[in-house]
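Per-entry structural report
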Amino acid sequence: AQKLLELMQSPDEMEVLQGAMQFSMHLAVAPEEAFGSIPLESVVATLVESLHRALPDTSLYSIMSLNHIMDSVPNSAGIVAASGGVPAICSKLMSFEYIDMAEHAIKALERLSYDNSTAILQEGAFTGLVNLLDFFDTNTQKRILTIAAIVARSVSSEDLVIQYILPVLPVVSSLLQFKGVEYLPTNELALSFYGGLVESVTRLSTGDFERAKANAQMVAENGLLQNLVELLPNMLHNQGSILDILSSLCSMSPQIVLSFHNLGATSVIKEGLEQSKSESTKFIEALQLVDSMIPNKNTQSELDTELIQIYKEMPELLRSLGEMVFPKIIALYEKVVNKGLRNLVLKVLEKLIEHSERDLVVSYTTPGHFSTFLSELLSCKDIEAVKSALSIVNSLYEKIPKHIATNLVREGVTCKLENLTNEAFIKELTFPSQFMDELVGASSNNEIRRILQRAGVPRNSPFLQEILRQIKRRRSREEEKPNLDNVVSEMSQEVLQMANKAFQSSKQHPQASGLLEQLKTLSSDFEQNKGSNHVSRLARLISNEEGLTLHEIVSSKVVESLWDWLVGSYQKNPKLALSRIHTFLSTFLENSKGSENLLSVFVKLLTKVVRYTQQFSILLYESPGNIPNSYLAMRTLSNRVRLVFEYDSSSCADSGEAQKELQEKHQLFSDIGSFSIAIEQYQSFEIIYDALLRINSRENLDLLMSSFERTNSEARGINHGQLNLVKQHLRLQQLLSTDPSQLGIRTDGNEQALKELEERRQQIMEKLMSEDDKEEDELLQPITSYRKNSALSTTHLELELFLGEGKLSKRMTVFEAMNKFLTESSDTLSIRFCFKPKEQTEDSSSQVLYRSYSLLGNIIQESSSLSLSESESIFGPMRLLKFLSILNSQLPQLLSASSQCFYPNNDTSFSPLKASDFVSEKLSALAAKQTSDLLAMVGGMAPEWVKTLPRTAFFLFNFNVRLEVFRSLCFNGGRALYLFSNKGRNFNVRMLRQKAMVPREKVLEAGMRILGDTALMKFGILEFDFSDEEGTGTGPTLEFYTLIGKEVRKLDIWRNTGEASGLFPAPIQSLSPSEASKHFEFIGKLVAKALFDDKLIDLPLSQTFWKLVLRKPVYFNDLKQVDSQLHKHLLELQELVNRRNWIIEQQQDCILREKHLRQVTLKGAEVEDLQLYFLLPGYDIELKPNGKNIQVTLDNLDEYIELVVEYTLAQTYSAEAFRKGLEKLIPLEALEVFYLEEIESLTCGKGTENWELSELKEAVLPAHGFTYSSSSYLHLLEFMQSLDSQQKRLFLQFCTGCPRLPIGGFKSLQPPLTVVRKVPSDPSDSPDSFLPSVMTCQNYLKLPEYSSYDMLKKNLLYAIQEGHETFHLS
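Take the side chain of Ser 375 next. Relative to the helices and strands, Ser 375 is located in helix H25 (residues 368–379). Reaching out from Ser 375, the side chain makes a polar contact with the side chain of Tyr 612 at a distance of 2.9 Å.

What follows is the structure, encoded as structure tokens:
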């Protein structure tokens, strides 16, 4: 390199050219590390000097060399600029002899433009390049536009804009014209240029309205607005950028606002605000665009004055904007979660109310829901939202007092205004005392800022610096507590003044109906049981034309009073409670308001009351534009911290089974003392729990510690959005399970990881063998004996982990523990652990509640089982809502002929409400936002209500939300990240995938052997292939679950076949208890693994069985699902019991009573004539001692029915075994979020409902030879629609490997069902002579192009009936 440099300094031009050429070639092939040995400053100086040489080729090679250096050496562009490279390169560019010179110079300028935009402009290169744009090829044009965008964004003075940039705007503006999809990359670059230019103009014109207006209007010339509006609908990714440019221009010039109106501003904004993703860039920019087009409130700025004048002269412009925004404003506010965006929505609303015409404001703000919205705002904890609400209330009182006053009173706005006039209340709202206390212990300004941010103090608040000064003064004086009272008082004064003004206005317009007083009177009458017709009075108030407001319902306490009146007497007088409930149901189900019955109206009111009463908050850690930031969230959660474990030797010995285990653990960990593990923050402590309970040697502990080791390549992969869990899962399997290879399982594609594991195993063995004082058998024992018993086997101990004083639960993540228990950030956590005997807990099995009184008592008890304190204001409405939800679901049972609840008034004509009537759409939307946040859900930092309410009050949430909550409760750690990565997030998680080879004829035996290893089930994804068959992947795996489901159905453990209403266990007395236990535990594991790996299993279990599994009570009516004939027979007998009890209760005369009792017969036969004995029908099982010799009579018929129901339904032994298997992977509480009928859809998939042609067209994709108009494709859809239920199952199994569709139907198939043309290998062969074939792993149907529909139907029917039980690909 030195010799070449000397050659380039020669006075001989040819020698210089030769040196420049050789040096360029040398740099082109040199590795990056070679550049470190080059004297960079002298080399660059020589190359820049060579640009002034006479020969053009010398300049060309010199520029090429400079490009090589800037490509390979970080920050070298600054050295080139410092050496005078910018003017030299610009000079060559302005007078280039041939195209290569220009292209290399342009590439160099692209590198240099970031820090040298002024020089590029002043040298004339910018203007020259843009004007010569058409001269270059497409790639070079892109470089030129990139340079232009960088220069425009970083231009340093207004003079440079005017002198150099404005003259080229006609050229760049023309590039914004949409000329087709292929031209979009050029459009995007031109858009980037204008985005940078507008940003610079805004920055350079700050504070000077006339300059800003003039500059903005110059930028907007040359048809810019027209081009932007026409380009907007055709852009795929940069629509937000277009709206941002429009917003910035409108904020500087009223004339541009007018021009934009004339180009259809309303429709542009409407489309942006209707963006489905509420915090997408497009939505945010559309919102800011609306804000820029409306004058500010109470302002004297020139821009606003001019804009107000325009709207006065042309009021229809603002009116069109208002008519578009006003109806959406509340939905927009509820759609977003980000505080800044919410405040922006309220700002727009304030401005619209201020400047819109009076009649427009009246039409959109007088409906009751608007006042309810204001009332909710005044109750929230966000001081900025409260200020906006107060401002809106004051504006309404000034503008339309007579129209708005009544609703403001009825919706509770005036009541809340009175609260806000309390200075202490406002101070607490402005700066909560809990944050004041936190400030005392703050150790840095950054921590102080975080606390203030959590307290709601904006970063731009004028009070922020004052608070920081006060804290600093406190530190210097070493005072215990900063004196912030004056600061907080000053902060709260503005709100206090606004509240006082609004409250005084409310007192001048006291208008309200008398409905609140009527409700209060009714509430009092409920409490004191005064008067009559309480329920009818409530019904009349609800059906009133004016309707009841949420504030009136809450303030009157009528919900709590109604609850006490309905069920308060149950314990002392069940019949009175039943009578009142019957009165309530009959009144509210028989009467209606509009097209709805009153019960439905009342339920929907209560769901709104729940949301109105409680401000449910959510925590979103990902910034606006969720999905792009998921990568950053994954990286955050993948950061490792070091857990230092300290053994607490205070674990005391115990007698019994746990004593020996305790002593062994104590000995092992006392010797070890402490150890550490570097672990990812997304991991849950469940892995630590499982491992420490089973570790019995130092070698096992070493294997645990090594499981979380991370190589440099794995760390780099995470930085690039690639998380590889294969090696970690393999190591954990090695620690916690039997050897997978012994079970016939192979781990394909992970040979390197397996090799490393084997090497590590050999190292451990060599270490053991080197200890001379041990015999060989003894040396092998720590591994072999542990391997024998390590498959998450039964232990009599439990583990407790503590971080400081906080106890760590099994499913808590490291991230959650750090956020909950650490006061300051740290990358090392000290964890104390100890062992203790496992507490023996009795299994709270389901009860068989035969008597209806017990049924009602259970409903009352369950209604109060909420994850809420009774002191919370939301508890009352939630409890009543849950009571009505359960009552509604049990309505057929309560009103059935067997029920004694309302006998003889069992009116079976009443229809239950739909489950959707109980759903709170607002609460569901809020929960949906939370469950989409990766950091909160995987990290375990979601608010408590999101984790608990969908379980205890699942009826409030739609299915999709509950499904996401279920997944968050089931899946943690790497599996949770894997599931998020499958939802289109911009990172990838590689899971361990293992394949089990199973013989098709022994699928049940193979399944029981493989799924017996719990650790094997926990880590990675398990797929199944069939021996001697070619198919592999998803299709054979689904086929495995289908086949094993069939085999399980054949087991002699079921009462029925499951075809009608699901499988239910036979009475345990008729089975071998040990065999039954083994089978049901296996079935529980099988269902759990299918759920765990997101697979479907064709094994429909009875809803009654799921009740037993979930420890829910079962009732008489549940017998209908288990044995419909037996249920029908017992129902007839129960009617005899009901009549007998009624006669005994009503007839006091003994003679008449006996006479009537003799008339109680079943189809003319007395009970004794039926020849029934105390035996379980269908089984040789005595219902009581010597039952086969005890005849059933009218007097003991009640007992007989009760025992038959109990012996039939109470299969708790089977349910307990199933539960034990299920809980190996799936926490039981996770299933509590579903209705019973939804659990079957979750595990088995969707049934074969009607397949509508429109649905099929959307879901079935034609490809590779077929289009949507192909006759074969259309014939296939017609064929699919014509199939009966059984044929649909066969078709699905043939195409996908599973006879059912996933939840969501065809749309949820991944990958989607695709049909492609199958072409015979010999063109002379007729397609009619070939059968269709499939690739089930891809849901791929290969269909010959049959000559007719009949031929397609014939061959497809044959294929699905005969070819669905093997995998031989064609």
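So, about the confidence of the model for the chain. Mean pLDDT over the chain works out to 83, with 86% of the residues at or above the 70 mark. A low-confidence stretch, residues 624–628 stays under pLDDT 50, and its non-local contacts, those more than four residues away or across chains, total eleven contacts. Every residue in residues 767–793 is under pLDDT 50, and counting partners more than four places away or in other chains gives 41 contacts.

Right, let's talk about the packing of aromatic side chains for a bit. Under the defined criterion, the tally for this structure stands at 41 aromatic pairs. Between Phe 645 and Phe 833, the aromatic rings sit 6.2 Å apart at their centres with planes inclined by 75°, giving edge-to-face as the arrangement. Separated by 188 residues along the polypeptide, Phe 645 in strand E3 (residues 640–647) and Phe 833 in strand E9 (residues 828–837) bring together distant segments of the chain. Classification of Phe 833 as buried rests on a relative accessible area of 0%. The cationic tip of Arg 342 hangs over the ring face of Tyr 333; the distance from NZ or CZ to the ring centre is 4.3 Å. Between Lys 1288 and the ring centre of Trp 1251, over which it is positioned, the NZ or CZ distance is 5.1 Å.

Turning our attention to the pattern of salt bridges. Counted under the stated rule, the structure contains 60 salt bridges. Salt-bridge contacts for Glu 1145 lead to Lys 575; the nearest nitrogen and oxygen are separated by 3.0 Å. Here Lys 575 lies in helix H38 (residues 574–590) and Glu 1145 lies in helix H63 (residues 1124–1146), a separation of 570 residues in the sequence. With a shortest N-O distance of 3.2 Å, Glu 800 and Lys 807 are connected by a salt bridge. Note on Glu 800: relative accessible area 12%, which makes it buried.

If you check helix H70 (residues 1285–1296), its first and last C-alpha atoms are 16 Å apart, about what twelve residues at 1.5 Å a residue would give, namely 16 Å. Those residues of H70 lying buried are Gln 1287, Lys 1288, Leu 1290, Phe 1291, Leu 1292, Gln 1293, Phe 1294, Cys 1295 and Thr 1296. Elements in contact with the buried residues of H70: helix H59 (1034–1050), helix H69 (1271–1282), strand E17 (1333–1335), strand E18 (1340–1344) and helix H71 (1349–1362). Gly 1297, located one to two residues past H70, shows a positive phi value of around 90°.

In this section: the pairing of E3. Taking every second residue as pointing to the same face, the buried face of E3 carries Val 641, Leu 643, Phe 645 and Tyr 647, while none of Arg 640, Arg 642, Val 644 and Glu 646 on the other face is buried. Where E3 lies against strand E4 (residues 674–680), seven bridges are found, and the strand directions are antiparallel. Bridging from a neighbouring strand, Leu 643 pairs with Ile 677 of E4. Pairing between E3 and E9: six bridges, direction parallel. Counterpart to Tyr 647 in the pairing with E9 is Phe 833.

Definitions and cut-offs
Residues numbered from 1 in each chain as written. Predicted model: local features only at pLDDT ≥ 70, side-chain atom pairs only at ≥ 80, totals over all residues. Heavy atoms only, no water. Helix = DSSP H or I, 4+ residues; strand = E, 2+ residues; numbered from the N terminus. Polar contact = N/O pair within 3.5 Å; in protein donor to acceptor, adjacent residues only side chain to side chain. pLDDT = per-residue confidence, 0-100. Contact = heavy atoms within 4.5 Å. Phe/Tyr/Trp six-rings, centres within 6.5 Å; stacked < 30°, edge-to-face > 60°. Buried < 20%, exposed > 50% of the residue type's maximum accessible area, 1.4 Å probe, protein only. Lys NZ or Arg CZ within 6 Å of the ring centre and 35° of its normal. Salt bridge = Lys/Arg side-chain N within 4 Å of Asp/Glu carboxyl O. Expected span 1.5 Å × (residues − 1). Pairing = 2+ DSSP bridges.

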